[in-house]
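So you can see what is in the structure, the chains are spelled out below.
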Amino acid sequence: MKWPAIGYLRASSLDGLWAAMAEHGAAAQIMAGGQTLLATLAFRLSEPSLLLDITHIPELRGITVAGNTLRIGALTRHVELGRDALVRAHAPLLSEAVPLIAHPAIRNRGTIGGSLAYADPAAELPACIVALDAVVVAVSAGGERRIPARDFFTDLLQTALVPGEIIAAVEIPLLERVTAIQEIARRSGDYAMAGLAAALRIEAGRVVCPRLVYFGVGNGPVLAARAAAALEGAALDAASIAAAQAALAEDLDPQQDLHGPPEMKRHLARVLTARVLGGFLPTRELAA
Amino acid sequence: MIAISLNVNGERVNRSVEPRRHLIDFLRIDLGLTGSHAGCEHGVCGACTVRVDGEIVRGCLVLAASLDGAEVVTIEGISDSGEVADLQANFVARNAAQCGFCTPGMIMTAADLLAHGGSPTRAEIREHLSGNYCRCTGYQAIIDAVEDTFRTRDATGGSAAAPGLQSSGAGR
């Protein structure tokens, strides 16, 4: 249906934003690309009295490498994330995730900050930043605060941001690792029925620091601790992949949703585990 | 009301808009540009696809009030410029428009792919159009029309001149 009656204000600097937030308080809703928010208005899932447009705030833009960190500004649109050379060089997991996000027209507007702040449990970017052990940089009138990605997503559509805070950027540590993301969706561009973003190192033939983050199977991105324990220190082969799949039974507690029952989600997670980890094998093991 | 000044299909437009006005209602109701269609109005169907600052967007997921200074191009704009004359002729030749409701959005999205050049496969064409729903054609004819346009442009060095309405060759 048509959007409800609403106010609109464009902030052109962080100082201007803080002033507007102080004046309008909880009635104001921060808007970045608007690709989720404006759809929720049409459904009356949200009815803020004022939209505060942050897309013209220069402090929230830009992709840079400083020291051992890749910093991605919150207003980076998915299309920009997908074609950025620094991202491709230092966080190819994100480059690989972009084509999985919705459709071209949506990717031209939607932002990484908006996706993380909305915290949809089936979205790709929240899972990716947990897999990359990134840090979310929150900013408020009081200054910046750094929140580890694994602590950022607190519950269904909930984050560690407090009132008055917005996301300024995401910082990704530059580490040697292999990464991959795969998902299973009913149609191209749909939110995933289940997905997996993974990062790990292989040293002397052994898996080191595996991070398997499942999405679409819980209230947020799920970092699978037991599956990681099953892989840590093992050679990556059919046996260790099977052990990780078996360990998932303890890691995941999916709820029934539109797509199907918990057991189907568990099955999809096991399938994705084999596909993603199998993709890290130097040569495919072929049946004789 | 929010005062905005923007460029629509090459013409300067100054208006005051309610913040609740999305871009498609602004184009259709305020400017009378009814070629862009309002379908689902929550970002799913793609019937409202238009260009903002050179990139396709969902017109139903953009506030008109946020477009001060923007450059908007609609199906009327790319039709009048001739940019998609060949694509439109191929839609006719392949019967890729049936009820026609999705067609302006399909043309805008296909034009975006064509503007990027290259020689996409059918699968890549499908992927680019995957956010545009058609409830009539079953998509095959639409993919055919887009594929024909790429093939013809490859052969003629990128010209968008309309090939006429004759059948454009063997099917598959």
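Cut-offs applied
Residues numbered from 1 in each chain as written. Chains lettered and ligands numbered in written order. Predicted model: local features only at pLDDT ≥ 70, side-chain atom pairs only at ≥ 80, totals over all residues. Helix = DSSP H or I, 4+ residues; strand = E, 2+ residues; numbered from the N terminus. Rg over C-alpha atoms; globule rule 2.2 N^0.38 Å. Buried ≥ 20, exposed ≤ 12 C-beta atoms within 10 Å, placed from the backbone. Contact = placed C-beta atoms within 7 Å. Pairing = 2+ DSSP bridges. Nonpolar A, V, L, I, M, F, W, Y, C, P; charged D, E, K, R; others polar. Axes fitted to C-alpha atoms, helices over the stretch in contact; angles between N-to-C directions. Parallel < 35°, antiparallel > 145°, perpendicular 65-115°, else oblique. Left-handed = near helix turned anticlockwise from the far one by under 90°. Domains from an automatic or database assignment. Expected span 1.5 Å × (residues − 1). Core = buried A, V, L, I, M, F, W, Y, C linked by C-beta atoms within 7 Å. pLDDT = per-residue confidence, 0-100.

Some thoughts on the overall build of chain B
Summing up its helical and strand segments, chain B has six helices and five strands in all. The C-alpha atoms of chain B give a radius of gyration of 16 Å, which matches the 16 Å a tight globule of 172 residues would have. Each of the three principal axes of chain B carries a C-alpha extent, and together these read 55 × 30 × 25 Å. For chain B, buried positions account for 49% of its 172 residues. A separation threshold of at least 6 residues defines the contact pool for chain B, and within that pool the share at least 24 residues apart is 63%.

Overview of the overall build of chain A
Across its full length, chain A holds twelve helices and 14 strands. Taken over the C-alpha trace, chain A has a radius of gyration of 20 Å; the compact-globule value for 288 residues is 19 Å, and the two agree within 12%. Reported as C-alpha extents along the three principal axes, the dimensions of chain A are approximately 70 × 45 × 30 Å. Here chain A, with 288 residues, has 45% of them falling under the buried criterion. Within chain A, contacts between residues at least 6 apart in sequence are counted, and of these 61% link residues at least 24 apart.

A word on the sheet that holds strand E14 (residues 222–223) of chain A
All names here are of chain A. If you trace the four strands from one edge of the open sheet to the other, you get E11-E12-E13-E14, paired in antiparallel fashion. Each edge of the open sheet carries a strand with a single partner, namely strand E11 (178–184) and E14. Relative to strand E12 (residues 194–203), E11 is paired through seven bridges, and the arrangement is antiparallel. Residue pairing across strands places threonine 179 opposite alanine 199, the latter belonging to E12.

Some thoughts on the environment of threonine 69 of chain A
Residues and elements named next belong to chain A. Along the polypeptide, threonine 69 turns up in strand E5 (residues 69–73). Residues threonine 69 and valine 170 lie 101 residues apart in sequence; the distance between their C-alpha atoms is 9.7 Å. Not counting residues within four places of it along the chain, the set of residues in contact with threonine 69 comprises Glu171, Ile172, Pro173 and Leu174.

Description of the interface of chain A and chain B
At the junction of the two partners, chain A supplies 26 residues and chain B supplies 22 residues. Those elements giving two or more residues to the side of chain A that touches chain B turn out to be strand E1 (7–10), helix H2 (37–42), strand E3 (50–53) and helix H6 (104–107) of chain A. Considered class by class, the residues forming the side of chain A that touches chain B number 14 nonpolar, seven polar and five charged.

Some remarks on the packing of helix H3 (residues 85–93) of chain B against helix H4 (residues 103–115) of chain B
Residues and elements named next belong to chain B. Taken N-terminus to C-terminus, the directions of H3 and H4 make an angle of 130°; their axes are 10 Å apart at the nearest point. The orientation of H3 relative to H4 falls into the category oblique. In this structure, H3 meets H4 at a crossing whose hand is right-handed. Within the contact between the two elements, H3 uses Leu87, Gln88 and Phe91 and H4 uses Thr103, Ile107, Ala110, Ala111 and Leu114. Here the residues of the contact of H3 with H4 sort into six nonpolar, two polar and no charged.

With respect to the domain arrangement of chain B
By a frequent convention, interface size equals the accessible area lost on bringing the separate parts together. All names here are of chain B. Each assigned domain of chain B is listed here: domain 1 (2–74) and domain 2 (82–156). Taking only C-alpha atoms, the centre of domain 1 and the centre of domain 2 are 22 Å apart. Taken residue by residue, the interface counts eleven residues in domain 1 and ten residues in domain 2. Looking at the side of domain 1 that touches domain 2 element by element, the count peaks at three residues for strand E3 (residues 49–52). Taken together, the residues of the side of domain 1 that touches domain 2 break down into five nonpolar, five polar and one charged.

Considering helix H6 (residues 140–156) of chain B
Residues and elements named next belong to chain B. The terminal C-alpha atoms of H6, which comprises 17 residues, lie 24 Å apart, in line with the 24 Å expected from a rise of 1.5 Å per residue. Looking at H6, one finds that the buried residues are Ala141, Ile142, Ile143, Asp144, Ala145, Val146, Glu147, Asp148, Thr149, Phe150 and Thr152. Contacts made by the buried residues of H6 are with H3, H4 and helix H5 (122–128). Immediately downstream of H6, the backbone of glycine 157 shows phi near 75°, a positive value.

Considerations on the environment of alanine 198 of chain A
All names here are of chain A. Within the element layout of this structure, alanine 198 appears in strand E12. Alanine 198 sits in the buried class, given 29 other C-beta atoms within 10 Å. For the pair alanine 198 and leucine 93, spaced 105 residues apart in sequence, the C-alpha separation works out to 8.4 Å. Filtering out sequence-adjacent residues up to four positions away, alanine 198 remains in contact with Ala131, Thr179, Ala180, Arg211, Leu212 and Val276.

Side note on the nonpolar core
In terms of nonpolar packing, the biggest core is built from 140 residues, with Leu93, Cys128, Ala131 and Tyr214 of chain A touching the most fellow members. When sequence neighbours within four positions are dropped, the list of residues in contact with leucine 93 of chain A reads Cys128, Ala131, Leu132, Thr179, Ile181, Ala197 and Ala199 of chain A.

Comments concerning the environment of glycine 7 of chain A
Relative to the elements of secondary structure, glycine 7 of chain A occurs in strand E1. We classify glycine 7 of chain A as partly exposed; it has 18 C-beta atoms within 10 Å. Taking the C-alpha atoms as reference points, glycine 7 of chain A and leucine 51 of chain A, 44 residues apart in sequence, are found 6.0 Å from one another. For glycine 7 of chain A, the contacting residues outside a window of four places in its chain are Ser49, Leu50 and Leu51 of chain A together with Pro19 of chain B.

Notes on the confidence of the model for chain B
Scored by pLDDT, chain B comes out at a mean of 93, with 92% of its residues at no less than 70. Predicted complex, confidence summary: ipTM 0.92, pTM 0.94.

Brief notes about helix H1 (residues 23–30) of chain B
Every buried residue of H1 of chain B is listed here: Leu23, Ile24, Asp25, Phe26 and Leu27 of chain B. Glycine 32 of chain B, located one to two residues past H1 of chain B, shows a positive phi value of around 75°.

Describing the sheet that holds strand E4 (residues 55–58) of chain B
All names here are of chain B. Strand order in the open sheet formed by five strands is E2-E1-E5-E3-E4, and the pairing between neighbours is mixed. Each edge of the open sheet is held by one strand with a lone partner, namely strand E2 (11–17) and E4. Averaged over all pairs of adjacent strands, the angle between strand axes in this sheet comes to 40°, irrespective of strand direction. In the sheet, strand E1 (residues 2–8) pairs with E2 via seven bridges, with the strands oriented antiparallel. Each residue of the ladder has a partner; that of alanine 3, found in E2, is serine 16.

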